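# Residue-level structural notes
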Number of protein chains: 2
Amino acid sequence: MTILPIAVDAMGGDKAPAEIVAGAIRASQELEVPVLLVGRPDELGDTGGLEVLEASEVIAMDADPASSVRTMKDSSLVRAAEAVRDGRASAMVSAGNTGATMASALLRMGRIKGVQRPAIATPIPVPGGTPTVLLDAGANAECSPEWLVQFAQMGAVFARSRYGIEAPKVALLSIGEESSKGNPLVKETHKLLAETAWTGGTGARFIGNVEGRDLMTDEADVVVTDGFTGNVALKTLEGALRTIVANLLGAFDASEETRAASAVLWPALGPLYAQLDPENTGGAMLLGVDGVCIISHGSSSSVAMVNAIRVARDMVVGEVVEHLRVAVRPAED
Amino acid sequence: MTILPIAVDAMGGDKAPAEIVAGAIRASQELEVPVLLVGRPDELGDTGGLEVLEASEVIAMDADPASSVRTMKDSSLVRAAEAVRDGRASAMVSAGNTGATMASALLRMGRIKGVQRPAIATPIPVPGGTPTVLLDAGANAECSPEWLVQFAQMGAVFARSRYGIEAPKVALLSIGEESSKGNPLVKETHKLLAETAWTGGTGARFIGNVEGRDLMTDEADVVVTDGFTGNVALKTLEGALRTIVANLLGAFDASEETRAASAVLWPALGPLYAQLDPENTGGAMLLGVDGVCIISHGSSSSVAMVNAIRVARDMVVGEVVEHLRVAVRPAED
């Protein structure tokens with residue numbers, strides 16, 4: 001299947017543009033997917049023959065999202081989103097300012113009809129299993145029960161498209177399994193999710209509440225929560241993994257003997273490490289905008305970019321936006 | 001200093017009563033602290049000469065807290081709380097039903113004057129550093145900004161009493177460092193904490209917002225949040241640690257070679273493992289009730305009980321309840 005190019009924000013991310021461009025070149029070669037680099041041509045270095053869409057401005061990693069997108073109309077992020085809107089690209093990928101990526105996508109691509117709020121779907125690694133899709137991972141600090149039901153619909157479509165799960169187990173993040181546990185938002189959402197009408201053609205099954213300790217297990221395929229709680233959970237998990245890995249590597253490197261011993265262990269530990277490495281998860285997806293928008297980690301290297309571009313391609317080929325459109329369509333349509 | 005006995009709920013916890021009694025006996029010997037076992041005398045086995053307070057009922061781990069405490073007046077949890085109220089014990093410790101432990105303590109001991117809501121303060125391990133005190137870790141699913149300010153006061157007193165931190169760094173859990181980030185509760189609380197009047201004599205300093213990834217670091221000594229978010233963060237962290245440790249141990253045990261290699265690494269890894277083991281954290285404390293109430297993990301072994309009883313003793317000797325009373329006293333008193 002031939003697809004339009006993937007628009008890559010060459011200027012976004014802690015390691016931009018060098019690692020971003022390197023990843024884009026590798027992706028175009030290894031995945032045979034066309035890539036459109038968006039950014040300042042004279043800062044990109046050797047682009048390996050990739051097409052470049054010129055954009056003169058760069059939204060900084062810590063810039064205010066709303067005002068940046070409003071004022072910096074020639075920024076790489078805004079131009080990348082416009083390329084999707086205008087049919088010049090099939091998807092956008094950025095490792096830049098997350099808020100500005102969301103705002104660019106939302107303002108330029110618009111929402112899928114019927115979507116109340118887009119949400120960030122982030123894969124949580126499950127060693128030896130399929131990642132758990134957590135949403136909303138930070139797009140909406142405040143949510144209504146109805147939005148969370150739509151997140152459940154969109155998350156189920158995403159889990160199906162990305163991981164091939166035919167009947168995704170959807171759960172609600174709470175502080176106990178009982179439907180009586182949680183805050184008012186969770187209790188009200190639980191009631192709505194317990195009715196099966198929302199599942200539509202998604203194949204989803206609501207399995208009830210789960211707790212934070214279930215995120216890195218196969219308990220659920222999709223876990224729904226508000227963007228505040230989701231972001232806290234995601235960052236807590238990232239922090240825990242980072243602390244453990246740093247301390248483990250320190251222990252492995254303590255002496256000549258431990259270095260030799262860790263070399264023996266590496267064949268057993270390597271696959272685990274690879275599964276937990278954010279570089280390999282392929283990035284999060286902004287669900288609900290009218291186009292494919294992949295949000296990669298700010299620290300993305302070229303490897304992370306290859307994986308993010310692969311996910312973007314898969315989502316385009318799998319027509320995930322069309323499936324989302326059907327899943328959220330109000331019954332009266 | 002001679003103190004009244006620590007009342008230990010002998011019937012609470014997944015491994016009760018055997019491990020609880022074993023831990024109580026060890027604590028009384030090793031710490032030279034008097035222990036009062038509360039439960040069914042004929043189920044406790046050899047109590048090593050410890051005093052027993054008879055209680056005929058047991059609140060199950062999954063029982064409804066409020067109704068259990070209301071109807072089971074002769075339960076070990078209710079009797080333990082009454083022992084503190086009646087001046088027969090200086091503190092209570094339980095590894096049983098957390099909700100019922102809170103309800104027993106609240107209903108029998110009452111609140112410290114001025115406290116709006118008690119909160120659970122849970123130590124989060126920081127490898128190589130002092131644990132971060134997280135509160136509320138689950139007592140109040142819904143909170144007001146004013147309650148969170150009081151949690152900050154109480155958390156600072158606790159960090160000082162338990163870890164000897166003279167000027168605790170207090171932070172607010174959010175989804176970005178900027179005061180504009182977060183949900184309405186966080187934004188409003190940020191404003192209140194930014195005023196310094198609340199710190200009173202606690203020595204606390206408000207350092208602003210932190211994110212989930214800062215919990216296992218030395219960034220803050222006390223992190224304040226509502227009980228829903230706090231419980232999700234805590235469970236997420238526990239789940240991540242459990243998944244990693246299980247997978248590591250599996251890798252270490254993969255073959256003869258890896259077992260030999262892991263034996264070489266153990267001197268370097270052991271201290272890390274010990275710091276992360278919930279058995280060693282000594283349990284959480286319910287802050288704001290008029291007495292010392294230590295909540296130990298449901299899976300507590302005798303080792304965890306020894307540590308929990310040690311913390312209970314330290315909190316009694318350090319007169320933490322008196323310090324809390326001063327910290328939350330309204331200015332007009």
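Cut-offs used in this document
- Residues numbered from 1 in each chain as written.
- Chains lettered and ligands numbered in written order.
- Predicted model: local features only at pLDDT ≥ 70, side-chain atom pairs only at ≥ 80, totals over all residues.
- Helix = DSSP H or I, 4+ residues; strand = E, 2+ residues; numbered from the N terminus.
- Rg over C-alpha atoms; globule rule 2.2 N^0.38 Å.
- Buried ≥ 20, exposed ≤ 12 C-beta atoms within 10 Å, placed from the backbone.
- Contact = placed C-beta atoms within 7 Å.
- Pairing = 2+ DSSP bridges.
- Right-handed = clockwise from strand over helix to strand, strands pointing away.
- Nonpolar A, V, L, I, M, F, W, Y, C, P; charged D, E, K, R; others polar.
- pLDDT = per-residue confidence, 0-100.
- Axes fitted to C-alpha atoms, helices over the stretch in contact; angles between N-to-C directions.
- Parallel < 35°, antiparallel > 145°, perpendicular 65-115°, else oblique.
- Left-handed = near helix turned anticlockwise from the far one by under 90°.
- Least-squares fit on C-alpha atoms with pLDDT ≥ 70 in both.
- Domains from an automatic or database assignment.

## Remarks on the overall build of chain A
Counting its secondary structure elements, chain A contains 10 helices and 11 strands. For a compact globule of 333 residues, the expected C-alpha radius of gyration is about 20 Å, and chain A comes in at 20 Å, within 12% of that figure. Oriented by its inertia axes, the alpha-carbon framework of chain A measures out at about 60 × 55 × 40 Å. By residue count, 57% of the 333 residues in chain A fall in the buried class. The contacts of chain A with a sequence gap of at least 6 include a subset with a gap of at least 24, amounting to 72%.

## Description of the pairing of strand 8 (residues 205-210) of chain B
Residues and elements named next belong to chain B. Here 5 bridges tie strand 7 (residues 169-173) to strand 8, and the two strands are oriented parallel to one another. What sits directly across from valine 170, in strand 8, is phenylalanine 206. On the question of chirality, the crossover connecting strand 7 to the parallel strand 8 by way of helix 6 (residues 184-194) is right-handed.

## Thoughts on the environment of A:Ala274
Residue and element names in this part refer to chain A. Structurally, the position occupied by alanine 274 is in helix 8 (residues 256-276). Judged by C-beta crowding, with 12 C-beta atoms within 10 Å, alanine 274 ranks as exposed. Spatially, the C-alpha atoms of alanine 274 and proline 127 are 9.5 Å apart, while their sequence positions differ by 147 residues.

## A short note on the interface of chain A and chain B
Between chain A and chain B, the contact holds 43 residues from the first and 43 residues from the second. Elements with a contribution of two residues or more to the side of chain A that touches chain B: helix 7 (227-252) and helix 8 of chain A. Per element, the largest residue contribution to the side of chain A that touches chain B is 18 residues, and it comes from helix 7 of chain A. Looking at the side of chain A that touches chain B, its residues break down into 23 nonpolar, 12 polar and 8 charged.

## Comments concerning helix 3 (residues 76-85) of chain B
Residues and elements named next belong to chain B. In terms of residue burial, helix 3 counts as a mostly covered element, since 9 of its 10 residues are buried. Those residues of helix 3 not exposed but buried are Ser76, Leu77, Val78, Arg79, Ala80, Ala81, Glu82, Ala83 and Val84. Buried-residue contacts for helix 3 involve strand 1 (6-9), strand 2 (35-39), strand 3 (51-54), helix 2 (65-71), strand 4 (91-94) and helix 4 (98-109).

## Observations concerning the confidence of the model for chain A
The share of residues in chain A with pLDDT of 70 or more is 98%, and the mean pLDDT across the chain is 95. Interface predicted TM-score (ipTM) for the complex: 0.94; the corresponding pTM is 0.95.

## Some details on the packing of helix 7 (residues 227-252) of chain B against helix 8 (residues 256-276) of chain B
The description of two helices packed together rests on the angle between their axes and the distance between the axes. Residues and elements named next belong to chain B. Packing of helix 7 against helix 8 brings their axes to within 10 Å, and their N-to-C directions diverge by 160°. As summarised for this structure, helix 7 and helix 8 are arranged roughly antiparallel, according to the angle between their axes. Where helix 7 crosses over helix 8, the two elements pack in a sense that is left-handed. Together, Leu241, Ala251 and Phe252 of helix 7 and Thr258, Arg259, Ser262 and Leu276 of helix 8 make up the contact between the two elements. For the contact of helix 7 with helix 8, the class distribution of residues is 4 nonpolar, 2 polar and 1 charged.

## A few points about the relation of the copies chain A and chain B
Each copy superposes on the other: chain A lies on chain B with an RMSD of 0.0 Å after a rotation of 180° and an axial shift of 0.0 Å. Expressed as an axis order, the relation between the two copies is that of a two-fold axis. Of the C-alpha atoms belonging to chain A, the one lying closest to the rotation axis is found on A:Ala261, 2.3 Å away. The residues that chain A uses at the interface reappear at the interface of chain B in 100% of cases, marking a shared surface.

## Notes on the sheet that holds strand 5 (residues 119-124) of chain A
The strands that make up a sheet are held in pairs by hydrogen bonds between backbone atoms, and each pair lies either parallel or antiparallel. All names here are of chain A. In space, the 11 strands of this open sheet follow the order 3-2-1-4-11-10-5-6-9-7-8, with mixed pairing throughout. With partners counted over all chains shown, the strands left at the sheet margins are strand 3 (51-54) and strand 8 (205-210), one partner each. Geometrically, the sheet is characterised by an average inter-axis angle of 25° between neighbouring strands, direction not taken into account. Pairing analysis gives 4 bridges linking strand 1 (residues 6-9) to strand 2 (residues 35-39), with the strands arranged parallel. For alanine 7, the partnering residue across the bridge sits in strand 2 and is leucine 36. Sheet contacts for helix 6 (residues 184-194): strand 7 (169-173) and strand 8; angle to strand 7, the most-contacted strand, approximately 160°.

## Considering the sheet that holds strand 7 of chain B
Residue and element names in this part refer to chain B. In space, the 11 strands of this open sheet follow the order 3-2-1-4-11-10-5-6-9-7-8, with mixed pairing throughout. At either margin of the open sheet sits one strand with a lone partner, and together these are strand 3 and strand 8. Within the sheet, the average angular offset between the axes of one strand and its neighbour, ignoring direction, is 25°. In this structure, strand 7 lies alongside strand 9 (residues 222-224), joined through 3 bridges in parallel fashion. In the sheet register, valine 170 faces strand 9, and the bridge partner there is valine 222. Contacting strand 1 and strand 2, helix 1 (residues 18-30) crosses the sheet at an angle of about 165° to strand 2. Across the face of the sheet, helix 6 comes into contact with strand 7 and strand 8 while running at roughly 160° to strand 7.

## A few points about the domain arrangement of chain A
Interfaces are often sized by the amount of accessible area the parts lose when they come together. All names here are of chain A. By the assigned domains, chain A splits into domain 1 (1-113 + 288-318) and domain 2 (116-279). Spacing between the C-alpha centres of domain 1 and domain 2 amounts to 25 Å. Facing 15 residues of domain 1, the contacting portion of domain 2 comprises 10 residues. The element contributing the most residues to the side of domain 1 that touches domain 2 is helix 9 (residues 302-317), with 6 residues. Residues that form the side of domain 1 that touches domain 2 fall into these classes: 8 nonpolar, 5 polar and 2 charged.

## Comments concerning the pairing of strand 2 of chain A
Residue and element names in this part refer to chain A. Most of strand 2 is tucked away: 5 of the 5 residues are buried. Burial along strand 2 is two-sided: the residues Val35, Leu37 and Gly39 and Leu36 and Val38 are all buried. As paired strands, strand 2 and strand 3 are joined by 4 bridges and run parallel to one another. Paired with leucine 37 across the two strands is valine 52, which belongs to strand 3.

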